[in-house]
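These are the residues of each chain, in order.
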Amino acid sequence: MDGFKLSLLSFLPFVFVLAIAVEATGDEIGTFIVHVQPQESHVAATADDRKEWYKTFLPEDGRLVHAYHHVASGFAARLTRQELDAVSAMPGFVSAVPDQTHTLQTTHTPQFLGLSAPPPPQGKRWSSSSHGGSGAGAGVIVGVIDTGVFPDHPSFSEAGMPPPPAKWKGHCDFNGGSVCNNKLIGARTFIANATNSSSSYGERLPPVDDVGHGTHTASTAAGAAVPGAHVLGQGLGVAAGIAPHAHVAVYKVCPNESCAISDILAGVDAAIADGCDVISISIGGPSVPFHENPVAVGTFGAMEKGVFVSMAAGNAGPNVSSVINDAPWMLTVAASTMDRSIRTTVRLGNGLYFDGESLYQPNDSPSTFYPLVYAGASGKPSAEFCGNGSLDGFDVRGKIVVCEFGGGPNITRIIKGAVVQSAGGAGMILPNHFPEGYTTLAEAHVLPASHVDYVAGLAIKAYINSTANPVAQILPRGTVLGTTPAPAMAFFSSRGPSVQNPGILKPDITGPGVNVLAAWPFQVGPSSAQVFPAPTFNIISGTSMSTPHLSGVAAFIKSRHPHWSPAAIKSAIMTTADITDRSGNQILDEQRAPANFFATGAGHVNPERAADPGLVYDIAPCDYVGYLCGLYTSQEVSVIARRPVNCSAVAAIPEHQLNYPSISVRFPRAWNSSEPVLVRRTAKNVGEVPSEYYAAVDMLDTTVTVRVFPRTLRFTGVNQEKDFTVVVWPGQGGARVVQGAVRWVSETHTVRSPVSVTFA
C-alpha cells in the first residue's frame, strides 16, 4: 500500500508487506519449518526428549533454530534443499514450509470503551470495584508477541500489583533479570539471529524494544495507569491499558518491521509454556491455507491449551477480501476511530475552513496567511507526493505546500513534511485520495501540517486553481473530544470475506485503532519540540493498535470468568458488540457510508456487556478438527492438529455449521430458491437462572427469508445448553450480499449473531 513504511522517525504499524519465502536452492541454506510426527516406536516424554528426537532429522549440530513443543509437532532448522529432500524421506516426516517474514501491522480509549477509572493512590493496589468493576485483568497474564519492550517505562510499573499467579513459569531475559517486576513479569527474545557477535549461535540478546511497536501494544493491552500522559502536549490525560490489573509478558520476535514466522512460533510456544492466558499478536502476512500457515498452526495449539489469541485483521483495506489472520480459533480484529481529534485547521484565503489533524502544533504556527502551492505544479514526475528531491528547483520557500497522500512505501507522511521543510516550506497540507476517504491521522510532523480528508482536499486544490495568488493558514486547535461520527471504520482496516474460509464471517470485531496513544521508548517529533519531560508516549494507528485493545478486553473477561474457553470469550465479545456509533446511528465506513459486516465484523467491542453476555456459543477443539476435515485432506489436518488425523473417521462440519457466534451462508446463483439452508447452533447459558430468551430476526432485504426454530429457549441451570436451527431461504434476484442478524432477547440480555448471506 502506497506510503506505508516503517521508520524510527515515522512508525506506521499499518504497513503491510507481502511475506517473502526464504527458500533454499541447491547448496544455499535457508530456514524451514518442518512438521514431523513420532512413530509408534518413539515416545518423546519430555521437552528435552522431543528436542533430541528433532535433532535426529538434521545433518549436524547447529542446524536447529527452534524446537517447538506446543505450537507445532516439529522444529525450525537451517537446511539446503538437498538436505531437506533427505529429511523428507525419513520416517515421521509430514511436511515442510520455508520460513517467511510477516510484518507489524491509551489516554482516551478506556473511557471511550466505557472502562473509565482513576489511577489507584500511590503505592496502593487497585480495588476490586475499579476500572469496570472487576479489577480488570486481575490474575490474568497477557503475552505480547512483538518487537520487545522498554521495561523502564512507567506503564510497566508494579505499584499496587500482586505477584504473578503460581502458574507462571516464565523468566526475564534482561541482564540480571531484575528489570522485570510484578507488572512486567517476563521478557524473552526469540530472534534466531539476535546474538552477540562474540557469542555462540543461539545466545539471545535482551528483549529491548528498538522500534516502539511492542512497548505500545503491551501498554495498550495491560499497561499501568500513568497520569499526565501526552504526545507533544496533545491527548493529555491518564494513560492506562484496557486491563491494567493484568500481568504482562513480552516475547521479542521482530528485530524491526519484519518478523520471521519461525521466531513468531517460538514466541507463541514459550508463551503457552510460561502460563499466559491471552496472547496478543499484531503481526501478519498473506492469507494462505491454514496448513501452510505456521502461525495458524501454532495458534491452534494455543487454543487447545485454553489460551485466547487476538490477532490483527491487516492493513490492506479498503480492498475486498484483504483480511488476514482469519482462522476461526483466532479473534480477528479490525480497526476503527474514536471520538477524539488532534486537530489542526486549514483556513483558505476565500474564507473556507477545513479541519485536519497533526500532533506537532508549535506555538509559532502560522497565524498569518502564507502563499499556497500544489507540489505537483513543479512538473517533475510524481512530484505531487513530495518525495526526496521532488521539490528541487521549485520555489516553495515560505509557502504552505499541498502534498498528496501515498506515493510509495519510501515516501512516508513524515518524510513528505521533511522534504517540504528542507526546501524552505512553511507548512504542509496532506489531502487524502478517494480510498482513504474521511480517515485522518495525527502524526508527529516536523513542521506545521494538517492531514485533511478527501473532500477537503478537493476543495483546497480547486481553490488553488481558482486564483492567481492562493493563500492559507494552518491553525493549531489542540485536542478535541466528542467528535462524530465515532466509531467509524478506518480506511486501512482489512475487509472480508475471508479467502480461506468464506463460510466464517471475518473479521470478528472492531476496536479503537486510529490515533491511539500508548507508551513509547523514545521522544517523537522534531528536535525543536523536545521540551516535554519523560515518560514518552506516541500516537499511532493500525490494526496493530486495535488488536491489543481486544487482548485487554479478553483479559478483562478472563479475570471475571477464569474457566471460560477461548471460544466462549470470543462469543461474549462478538454477541454483545455495538452495531451503532455513539450517536445511535449505524457505524460508517471511511466514505461515511454504512459499513457492512466485512468491515466491522460483529460490531464495535463493548467490554462491560461482553463480561456478562447471557449466552455463549462454545466450540471444543474436536469441533475445529471436524471443521478442518471439511476443508482439507487428512495429512493437511494432521499438520494443524499436530497429531495424526484420519478425516474419513471424523464427522466433517461444514463451515456454516461450526458453532460460531456469527453466521455466514453462501448460495450459488443457480441455487433452487425453494431449498433452504439449515444452520444449527448450540447456546450455553452463562447468565442468571431461570431465564427465557425469545428469537428475533433482523433482515431488511426481503429477498432472503430467515426463521428460527424453536422461537423460545428456556434455561433452568447455569451452563445448560440448548440447540436451535436458523433456516435461510434465498429469494430470486436481489443483492449479491444480504446481511442482518438473529437476536436472542431476555429481560436482561440481548445476544446478537450477525447473519451474512452471499450469492456467488
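Residues numbered from 1 in each chain as written. Predicted model: local features only at pLDDT ≥ 70, side-chain atom pairs only at ≥ 80, totals over all residues. Heavy atoms only, no water.

1. What to know about the overall build of the protein
Thinking step 1. Looking only at helices and strands, the protein features 15 helices and 34 strands.
Thinking step 2. Evaluated residue by residue, the protein yields a buried proportion of 61% over its 760 residues.
Thinking step 3. Accessible area of the protein: about 26600 Å², with a carbon and sulfur share of 51%. (Helix = DSSP H or I, 4+ residues; strand = E, 2+ residues; numbered from the N terminus. Buried < 20%, exposed > 50% of the residue type's maximum accessible area, 1.4 Å probe, protein only. Areas by Shrake-Rupley, 256 points an atom, 1.4 Å probe, with all protein chains shown as cover.)

2. As for the sheet that holds strand E33 (residues 737-745)
Across a sheet, strands are paired by hydrogen bonds formed along the backbone, either parallel or antiparallel in direction.
Thinking step 1. Reading across the sheet, the 5 strands line up as E27-E34-E33-E29-E31 and stay open at both edges, with mixed pairing between neighbours. The two strands at the open ends of the sheet, each matched to only one other strand, are strand E27 (663-667) and strand E31 (712-715). Direction aside, the axes of adjacent strands within the sheet are offset by 20° on average.
Thinking step 2. Note that E27 and strand E34 (residues 750-759) share 5 bridges and pair parallel. Counterpart to Val665 in the pairing with E34 is Val757. (Pairing = 2+ DSSP bridges. Axes fitted to C-alpha atoms, helices over the stretch in contact; angles between N-to-C directions.)

3. Here we look at the UniProt feature "active site" (unreviewed entry) in the protein
Thinking step 1. In this structure's numbering, the residues bearing the UniProt feature "active site" (unreviewed entry) are Asp146, His213 and Ser544. A stretch of 399 residues holds the annotated residues, and the largest C-alpha distance among them is 10.0 Å, short enough that they meet in one place.
Thinking step 2. Note that Asp146 resides in strand E6 (residues 141-146).
Thinking step 3. Not counting chain neighbours up to four residues away, the residues in contact with Asp146 comprise Leu104, His213, Gly214, Thr217, Tyr251, Lys252, Val253, Cys254, Ser282 and Ile283.
Thinking step 4. Only 2.5 Å separates the side chain of Asp146 from the side chain of His213, close enough to count as a polar contact.
Thinking step 5. One can find Ser544 in helix H10 (residues 543-560).
Thinking step 6. A polar contact of 2.8 Å, which involves the side chain of Ser544, links it to the side chain of His213. (UniProt positions renumbered as here; feature names shortened; annotations may be inferred. Contact = heavy atoms within 4.5 Å. Polar contact = N/O pair within 3.5 Å; in protein donor to acceptor, adjacent residues only side chain to side chain.)

4. Some points on the nonpolar core
Thinking step 1. Counting 105 residues, the largest nonpolar core has Ile145, Ile279, Trp329 and Ile573 as the members making the most contacts within it.
Thinking step 2. Examining the composition of this core, we find that 8 residues originate from one element, helix H6 (residues 261-274), more than from any other.
Thinking step 3. Sequence-distant contacts of Trp329, that is, excluding residues within four places in its chain, are made with Phe290, Ala296, Thr299, Phe300, Met303, Lys570, Tyr624, Tyr627, Leu628 and Ile640.
Thinking step 4. Grouped together as the second largest cluster of nonpolar side chains are 26 residues, Val704, Val742, Trp744 and Val755 included. (Core = buried A, V, L, I, M, F, W, Y, C linked by side-chain atoms within 4.5 Å.)

5. Some words on the pairing of strand E14 (residues 308-312)
Thinking step 1. Summarising burial for E14: 5 of the 5 residues are buried, a large majority.
Thinking step 2. Where E14 meets strand E15 (residues 331-336), 3 bridges bridge the pair, whose relative direction is parallel. Bridge pairing in E15 places Ala312 opposite Val333.

6. Quick notes on the side chain of Asn501
Thinking step 1. Along the chain, the position of Asn501 falls in the loop between strand E22 (471-481) and strand E23 (509-512).
Thinking step 2. A polar contact is formed between the side chain of Asn501 and the side chain of Ser498, at a distance of 2.5 Å.
Thinking step 3. Non-local contacts of Asn501, meaning those with residues more than four positions away in its chain, are made with Phe290, Asp326, Pro328, Tyr627 and Glu655.

7. Notes on helix H8 (residues 413-422)
Thinking step 1. For H8, the complete set of buried residues consists of Arg413, Ile414, Lys416, Gly417, Val419 and Val420.
Thinking step 2. Buried-residue contacts for H8 involve strand E19 (400-402) and strand E20 (427-431).
Thinking step 3. Gly424, located one to two residues past H8, shows a positive phi value of around 95°.

8. Overview of the state of the cysteines
Thinking step 1. Across all of its chains, the model carries 4 disulfides by this definition.
Thinking step 2. With its sulfur 2.2 Å from that of its partner, Cys172 forms a disulfide with Cys180. Looking along the S-S bond of the Cys172-Cys180 disulfide, the torsion reads about 75°, which is the right-handed sense.
Thinking step 3. With a sulfur-sulfur separation of 2.1 Å, Cys254 is cross-linked through a disulfide to Cys259. Negative torsions about the S-S bond denote left-handed disulfides, and the value of about 110° found for Cys254 with Cys259 makes this one right-handed. (Disulfide = S-S within 2.5 Å.)

9. What about the pattern of salt bridges?
Thinking step 1. A complete count under the given rule lists 21 salt bridges for this structure.
Thinking step 2. One salt bridge in this structure joins Lys55 and Glu52, with 3.6 Å as the shortest N-O distance. Remark: Glu52 and Lys55 occur in helix H1 (residues 47-55); sequence separation between them is 3 residues, near one turn of the helix.
Thinking step 3. A salt bridge links Arg63 to Glu60; the nearest nitrogen and oxygen atoms lie 3.3 Å apart.
Thinking step 4. Accessibility expressed as a relative area gives 45% for Glu60, which makes it partly exposed. (Salt bridge = Lys/Arg side-chain N within 4 Å of Asp/Glu carboxyl O.)

10. Let's talk about the environment of Pro289
Thinking step 1. Within the secondary structure layout, Pro289 lies in the loop between strand E13 (283-284) and helix H7 (294-304).
Thinking step 2. For Pro289 and Asn501, which are 212 residues apart along the polypeptide, the C-alpha to C-alpha distance reads 8.9 Å.
Thinking step 3. Non-local contacts of Pro289, meaning those with residues more than four positions away in its chain, are made with Gln500 and Tyr632.

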